[in-house]
Every structure is written in structure tokens, then in C-alpha cells.
Amino acid sequence: KSLRSQMNPHFAFNTLYAIQNEIKKSPQKASDFLLKFSRLFQLILENSTHNFIQLEDELDALEQYLQLVLYRFPEKFTYQIELIELERDEFIFIPPMLIQPFVENAIVHGFEEIDHPGNLKITLQEKQNLLECCIHDNGKWQEKENKGEKTRTSSTILISEYLKKHTKKSIQYTFSNQGTKVTFWIPFKTFNDD
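Residues numbered from 1 in each chain as written. Predicted model: local features only at pLDDT ≥ 70, side-chain atom pairs only at ≥ 80, totals over all residues. Heavy atoms only, no water.

(A) Representation of the sheet that holds strand β4 (residues 118–127) in the model. Strand order in this open sheet of five strands is β2-β4-β5-β7-β6, and the pairing throughout is mixed. Both outer strands of the open sheet, β2 (77–84) and β6 (172–176), are each paired with one neighbouring strand and no more. Here the average twist between neighbouring strands, direction ignored, is 15 degrees. Where strand β5 (residues 130–137) meets strand β7 (residues 179–186), seven bridges bridge the pair, whose relative direction is antiparallel. Considered in β7, the bridge of Cys133 is made with Phe184. Where helix α4 (residues 55–72) meets the sheet, it contacts β2, β4 and β5, and its direction lies at approximately 170 degrees from that of β2. (Pairing = 2+ DSSP bridges. Helix = DSSP H or I, 4+ residues; strand = E, 2+ residues; numbered from the N terminus. Axes fitted to C-alpha atoms, helices over the stretch in contact; angles between N-to-C directions. Contact = heavy atoms within 4.5 Å.)

(B) Molecular detail of helix α5 (residues 100–110). In terms of residue burial, α5 counts as a mostly covered element, since nine of its eleven residues are buried. For α5, the complete set of buried residues consists of Gln100, Pro101, Phe102, Val103, Glu104, Asn105, Ala106, Ile107 and Gly110. (Buried < 20%, exposed > 50% of the residue type's maximum accessible area, 1.4 Å probe, protein only.)

Spelled out as C-alpha cells, the structure:
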């Protein structure tokens, strides 16, 4: 419940602010933007009512989020989602809203003020009865002084605590000249008794 209450309020605010700014310049674009945002928000709210959702539904919401960001900043980055030995419509059920906050961090912080095209790669594969998720960006990360870790939002802190409790694994951050890779493990089920 705490995690759901933290679901990207600043993303919603930024999106609505961008729509407001677009209304005077291009009412049609603002209208399209608002429609995309409302569809995404509906999907997020629907997913948040369940403890587990099918992987395909989580990926649909993630892609709608990415498309919305690209609608606002069309030249900012490209992305790909790769499933390794998994099918998108496979009967794998995961807790909702765990991936998107890390993707948002990569876009907001990693691609801020870069002088090259941003690239985001999200990889998912099953490992040791967990779903391993790697999010790699080629951007710049400002590491916290004396801590060596990425600036994290309250939602990613809550997710970290949730995942550690349910998987006994900590989120791993890898920093290099090629960007940042975030790796974490998600509990899943092959049936839905939600």
C-alpha cells in the first residue's frame, strides 16, 4: 500500500504541466498528449488494484509510459525491451509497478544534459525462480557524494525494501563509462490467485 501511494506523483505533475504548456501552442497536440496520459493512468490504476498482474500487462504499462515520454521528448532516447527465454504472453505474474520507477530514474537523471543519443535497454529473464530485471542506460549518473550510489526516489527506496524482503537480494548498481546498469530480482508466480 505504501508503494502504491508513492506511484510517481512528480511524473503525473510534470505530464500535466507539459500538457498545460502545450495547450496554447498546439491544442491538438495537447489533446493527443492528454489522451495518452489518461490511458496510461487508467492502466496504472487498474494494475495497482492487484497484488500480481501478468507480465504482459506490466510491459504494456511500461511501454505506454515510454511512448508518453517520447511524445514529449521525441529525440531524447531510444529503448528496447528484451525477454530472454520468455514469451511476452507467458503465464508469469509479478507485483505491479516495480520496473517503471527505475526506468523513469534512468530517463530523468541518466539522460539529463547528455550530448549523445540516449539508449535504454531493459532485459528480463528467469533466474533461480526469480525474474531478473536489468535496466541499462548510456547516460550520465550523478552519484551521491561519499555514498557511491545513484540518487533514488522514495518509490525506488520502498521497492528496494520490498524486494529485499521477498527475494533476500539487494538491488545492484553498476557504474561505468558506458552508463549505469541497475539489476534487481522480482518474485513471480505461474498462476494468479489474486
